[in-house]
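Topology and contacts: notes
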Amino acid sequence: MAQTDYDVVVVGAGFAGLYMLHKLRSNGFSVRVYEAGSDIGGTWFWNRYPGARCDVESLEYSYQFSEELQQEWEWSEKYATQGEILTYVNHVADRFDLRKDIQLNTQIKSTTYDEDENAWTVRTTEGAVIRSSYCVMATGCLSSMNIPKIPGLDNYKKPTYHTGNWPHEEPDFTGKRVGIIGTGSSGVQSIPLIAEQADHLYVFQRTPSYAIPAYNGPYDPDYVRDRKENYAHYRAEAKKSRSGFLLSVNDANAMDCDGQEREMTYEARWTRGGLTFLGAFNDLLIDKTANDTAAEFVRRKIRKVVEDPELAEKLSPDTVIGCKRMCVDTNYYQTYNRSNVTLRNVRDTPIEELTEDGIRQGGEEIKLDALVFATGFDAMTGALSKIDIRGRGGRSLKEKWAEGAKTYLGLAIFGFPNMFIVTGPGSPSVLANMMPAIEHHVEWIADCLIYMRNSESREIEAVDKAEENWVRHTNEIAGNSLFPTCNSWYLGANIPGKPRVFMPYLGFQRYLEVCEQVVEKGYEGFSLKP
Ligand code: N01
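This is a predicted model, so every value here is computed, not measured.

What follows concerns the overall build of the protein. If you tally the helices and strands in the protein, you get 16 helices and 20 strands. Here the C-alpha radius of gyration of the protein, 23 Å, is about what a compact globule of 530 residues would show, namely 24 Å. Its C-alpha atoms put the protein at 70 × 55 × 45 Å along the principal axes. Counting only residues that meet the buried cut, the protein has 58% of its 530 residues in that class. Within the protein, contacts between residues separated by at least 24 positions form 72% of all contacts whose residues are at least 6 apart in sequence. In the form shown here, the protein has an accessible surface area of approximately 21,800 Å², with 47% of it arising from carbon and sulfur atoms. The average position of the 58 basic charges and that of the 74 acidic charges among the side chains of the protein differ by 3 Å.

Below you can see the structure in the form of structure tokens.
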């Protein structure tokens, strides 16, 4: 075997990297985790903007690998704040003594595969060189910020913020004129809170989002008790759904019901709040007519909340509901009834430029004291593309993915042996509850490495044909849905020049079954070198 420093290098210390470390270390592998941030937590370390919280229920957005952990941890609210989740992350790290194998403030610059030695050479931006038999990229799906190249960006002199890299010292917007660009999940969460603080808030909206109320609040102790007593059952049920959540999808089709029945179903989902609204009917993401009924229901709700009918119209999306990631809100639409909030329509009147202290739009300059970019991420591939990853024959991953990301199962890449991605493109990842998606990948990878060790194999690689088939299969499924009909980040359409390819795999349960079968058939679709 090659001389290596570690069996496995893991890049990233978010939920994925932390569990990967724990799982591999408990199975006797030597592991080192490298993290660019000054602390652990990934998404929940960086995204600390006002109002940041998870829109998946806390009791489901948490690790299930340790019964003791899930029993001892108490979530205070249905949707946990960023701060509470970060406290949980730190608790996990301490509980499993993870920190000693994590190196913070360390950016990985490149990883190069050595075909003769079957090992990776990993280099940090500071020049350190590490050798490992395997690399696991736990770099996150939404971790590479997107700041649009608006003319004048360099001339703008006032403070700017990105929701995905929010300062640790909370900015004070009191008495300030604040601009925010972007009305996706981050914008929808932060706008109500920034509006409460700022003297005036200008929201620059290109595409309105569908937002479903969170109805967040403290957990009912009886509900928590039941969940905890029956965790195994609930977790198993969630895995049977297409998204990894409980209460996912009603089996009935919207178009098989009469108008009154549909209305009642939507109302019940609306009253419950949150992402499960989209599960009101089975055909919402397949049949445009069905989808229109749900979209119109939400638009009616917007019109009821927003007092100015013209403003309500501007805030009402006309796209397929659920095509872009739905938002979960607290007082989002209500915020537009405030006199200190102005909606600026960027779709009809694009931003012309940033001036020294403002935004010029439609010939008018709006003076600002601070500007917030809630403009999202180069999703799913961005963080990987920033690292110079070179596989067999020195071929770079960036080159390989120039026409769109290609993976086998979202876990492995042909030409890049002994490397795994946690929740990579081609896996359910962002279309599922991220926590079970992460845990599934971590456990699959760990089992695979144990198999490699037991079978005295030294190299594993996705087979070209298997990868091709998987990419085709992923696209076929997406093609049968309404997902490709809008410019979402699932398609890479939010980043100018990025190939338009649908990246996540639709169907959590189906995916789990496929991964299991692959293993049962002796890692079908992979080539293993003894
Ligand atoms: O980013 P986004 P996000 N000019 O890409 C606009 C997860 N998340 O950070 O739609 C003007 O959704 C862009 O407009 P358009 C969740 O999975 C979860 O909000 O491209 N506008 C859009 O409005 C989510 O989906 C949680 O026309 C520009 C916005 O910026 C994902 O992260 C919370 C522009 C970007 O929205 C990303 O959410 C937060 C330009 N040049 C995030 N460029 C929870 O769990 C972009 N925009 C609650």
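Further remarks concern the domain arrangement of the protein. The domain boundaries assigned to the protein delineate domain 1 (6-144 + 378-529) and domain 2 (160-373). Domain 1 and domain 2 are separated by 27 Å when their C-alpha centres are compared. Between domain 1 and domain 2, the contact holds 46 residues from the first and 51 residues from the second. A combined buried area of about 4,200 Å² lies between domain 1 and domain 2, and 52% of that area is made up of carbon and sulfur atoms. Broken down residue by residue, the surface that domain 1 buries against domain 2 is led by Tyr49, Leu59 and Leu482, which jointly contribute 18%. At the junction of domain 1 with domain 2, the criterion picks out 3 salt bridges. Note that Glu57 is salt-bridged to Arg272, the shortest N-O span being 3.6 Å. The interface formed by domain 1 and domain 2 includes 27 residue pairs in polar contact (both at pLDDT 80 or more).

Taken as a whole, this structure holds 1 disulfide when the rule is applied. The disulfide bridge from Cys323 ends at Cys486, spanning 2.1 Å between sulfur atoms. Looking down the S-S bond of the Cys323 and Cys486 bridge, the torsion is -105°, so its handedness is left-handed. Placement of Cys323 in the loop between helix 10 (309-315) and strand 11 (327-329) and of Cys486 in the loop between helix 15 (464-479) and helix 16 (508-520) is noted, with a sequence separation of 163 residues between them. Here Cys323 and Cys486 have matching classes, each one buried. No disulfide involves Cys327; its sulfur sits 12 Å from that of Cys486, the nearest cysteine.

If you trace the 5 strands from one edge of the open sheet to the other, you get 7-16-8-9-12, paired in parallel fashion. Here the strands that pair on one side only, and so sit at the sheet edges, are strand 7 (160-162) and strand 12 (341-345). The average undirected angle you get between the axes of adjacent strands in this sheet is 20°. As defined by bridge partners, strand 8 (residues 177-181) adjoins strand 16 (residues 370-373) across 4 bridges and the pair is classed as parallel. Bridge pairing in strand 16 links Ile181 to Phe373. Those strands touched by helix 5 (residues 185-197) are strand 8, strand 9 (200-205), strand 12 and strand 16, and its axis lies near 175° from that of strand 8.

With that settled, the discussion passes to helix 5. Because an α-helix packs 3.6 residues into every turn, residues spaced three or four apart end up facing the same way. The largest bend along helix 5 reaches roughly 35° and is located at Ile191, with the proline Pro192 sitting one to four residues downstream. Three or more residues of helix 5 are buried, namely Ser186, Gly187, Val188, Gln189, Ser190, Ile191, Pro192, Ile194 and Ala195.

Before going further, it helps to examine the sheet that holds strand 14 (residues 358-361). The strands making up a sheet associate through backbone hydrogen bonding, with each pair oriented either parallel or antiparallel. Here 3 strands make up an open sheet; going across it, the order is 13-14-15 and the pairing antiparallel. Only two strands of the sheet have a single neighbouring strand rather than two, namely strand 13 (351-355) and strand 15 (364-367). The average undirected angle you get between the axes of adjacent strands in this sheet is 25°.

This part takes up the packing of helix 14 (residues 434-454) against helix 16. Remark: helix 14 packs on helix 16, axes separated minimally by 12 Å, with the N-to-C direction vectors making an angle of 5°. Compared by their axis directions, helix 14 and helix 16 come out roughly parallel. Side by side, helix 14 and helix 16 meet where Pro436, Ala437, His440, His441 and Trp444 of the first sit next to Phe508, Tyr511, Leu512, Cys515, Val518 and Val519 of the second. Considering only residue class, the contact of helix 14 with helix 16 consists of 9 nonpolar, 2 polar and no charged.

Let us look at the site of the ligand. Surrounding the ligand, one finds 22 residues, the nearest of these being Ser186, Gln189, Arg206, Thr207 and Lys324. Between the ligand and Thr207, the relevant distance is 2.4 Å, taken from an oxygen atom to a side-chain nitrogen or oxygen of the residue. Arg325 is positioned with one of its side-chain polar atoms (N or O) 3.4 Å from an oxygen atom of the ligand. When the ligand is considered free in solution it has 910 Å² of accessible area, and contact with the protein chains removes 88% of it.

Moving on, we get to the environment of Glu313. Mapped onto the secondary structure, Glu313 falls in helix 10. Sequence separation between Glu313 and Ala232 is 81 residues; the distance between their C-alpha atoms is 45 Å.

Time to look at the nonpolar core. Counting residues in hydrophobic clusters, the biggest one holds 137 residues, and the most contacted among them are Phe15, Phe277, Leu409, Trp444 and Phe526. Sort the elements by how many residues they give to this core and helix 14 lands first, with 12 residues. The two domains that each donate at least three residues to this core are domain 1 (6-144 + 378-529) and domain 2 (160-373). In this structure Phe15 touches Trp44, Tyr61, Tyr63, Ile85, Tyr88, Val89, Met435 and Ile438, once residues within four positions along its chain are discounted. Listed in part, the 20 residues of the second largest apolar core include Tyr34, Ile130, Ala405 and Ile421.

Conventions adopted
- Residues numbered from 1 in each chain as written.
- Predicted model: local features only at pLDDT ≥ 70, side-chain atom pairs only at ≥ 80, totals over all residues.
- Heavy atoms only, no water.
- Helix = DSSP H or I, 4+ residues; strand = E, 2+ residues; numbered from the N terminus.
- Rg over C-alpha atoms; globule rule 2.2 N^0.38 Å.
- Buried < 20%, exposed > 50% of the residue type's maximum accessible area, 1.4 Å probe, protein only.
- Contact = heavy atoms within 4.5 Å.
- Areas by Shrake-Rupley, 256 points an atom, 1.4 Å probe, with all protein chains shown as cover.
- Lys, Arg positive; Asp, Glu negative; His and termini not counted.
- Charge placed at Lys NZ, Arg CZ, Asp CG, Glu CD.
- Domains from an automatic or database assignment.
- Buried area = accessible area lost by both parts, 1.4 Å probe.
- Salt bridge = Lys/Arg side-chain N within 4 Å of Asp/Glu carboxyl O.
- Polar contact = N/O pair within 3.5 Å; in protein donor to acceptor, adjacent residues only side chain to side chain.
- Disulfide = S-S within 2.5 Å.
- Pairing = 2+ DSSP bridges.
- Axes fitted to C-alpha atoms, helices over the stretch in contact; angles between N-to-C directions.
- Bend = angle between axes of the 7 residues up to and from the residue.
- Parallel < 35°, antiparallel > 145°, perpendicular 65-115°, else oblique.
- Nonpolar A, V, L, I, M, F, W, Y, C, P; charged D, E, K, R; others polar.
- Near = heavy atom within 4 Å.
- Core = buried A, V, L, I, M, F, W, Y, C linked by side-chain atoms within 4.5 Å.

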